[in-house]
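# Breakdown of the fold
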Amino acid sequence: MICNECGKEHTSDDIELVFLHPDLVAALPTEIRAAEVQESSDLCILNAERFFIRATLPLPVLQRDEPYSVGVWVELRQPDFERIYELWDDPDQSSEPPFAVSLANAIPTLGDTNGLHAQLRLTGPTTRPQVVLMPSDHALAVEQTFGISIHRAHEYSALASG
Ligand SMILES: [Zn+2]
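A few points on the structure. Small disclaimer: the values here were computed from a predicted structure and weren't measured.

What counts, and at which threshold
For every chain, the first residue of the written sequence is number 1, and numbering continues from 1 onward in sequence order. Where local features are concerned, this predicted model is filtered to residues with pLDDT of at least 70; where side-chain atom pairs are given and counted, the filter is 80 or more; whole-chain, interface and lining totals use all residues. Side-chain measures were taken over the full set of non-hydrogen atoms in the model, leaving aside hydrogen atoms and water. Helical segments are the DSSP runs of H or I of at least four residues, strand segments are the runs of E of at least two, and each set is numbered from the N terminus. For the exposure calls, accessible area comes from a 1.4 Å probe over protein chains only, and a residue counts as buried if that area is under 20% of its type's maximum, exposed if over 50%, partly exposed in between. For this analysis, a ring pair means two rings from Phe, Tyr or Trp (six-membered ring only for Trp) whose centres lie within 6.5 Å, classed as stacked if their planes differ by under 30 degrees, edge-to-face if by over 60, and tilted for the remaining angles.

Within the chain, Ala48 stands out as a residue other than glycine whose phi angle is a positive 55 degrees. At Thr109, a residue that is not glycine, the phi angle is positive and equals roughly 80 degrees. With respect to the helices and strands, Thr109 occurs in the loop between β5 (99–103) and β6 (117–121). Residue classification places Thr109 among the exposed positions, given a relative accessible area of 55%.

Pasting the structure below:
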């Protein structure tokens, strides 16, 4: 399909944009990070006092059924982190009420997205939790509410490979 915004062809196998760490942790000097951070590909604890979980932030794509999902980290309160850890393998985890979180990555091109308030919803033991931003006039919240074009999805993917 030829894009009606730029005239190029965008393929659907583009790599989706993924953040491998919370920005705060990625910015730490190596030595401090080794001493103060416990992390896996899904969970991250800084200094035993700040708690992060990896999630996906789905953006509906107007021309297709599948959303474009940005891989992001969210920060949450310790009791919520512990509750999610407890439910990690629970097949019924999606019936848990959503958790209040804040975004822990700055997605380029959208101004600062760090600290945006959101809800985190558990989706099941084999899929990452999903971030739903609180309604606001922030560009990212608007995109999640109203959807993005294929062209915009391609712009996100270009950030991932660039
Ligand atoms: Zn385009």
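We are not done yet, so read on.
Attention shifts here to the packing of aromatic side chains. How two aromatic rings sit relative to each other is given by the distance of their centres and the angle of their planes. Tallied over the full model, the rule gives 2 aromatic pairs. Their ring planes at 50 degrees and their centres at 5.1 Å tell us that Phe51 and Phe81 sit as a pair that is tilted. Placement of Phe51 in strand β3 (residues 50–59) and of Phe81 in helix α3 (residues 78–86) is noted, with a sequence separation of 30 residues between them. When the ring of Tyr68 is compared with that of Tyr156, the centres are 5.8 Å apart and the planes differ by 25 degrees; the resulting orientation is stacked.

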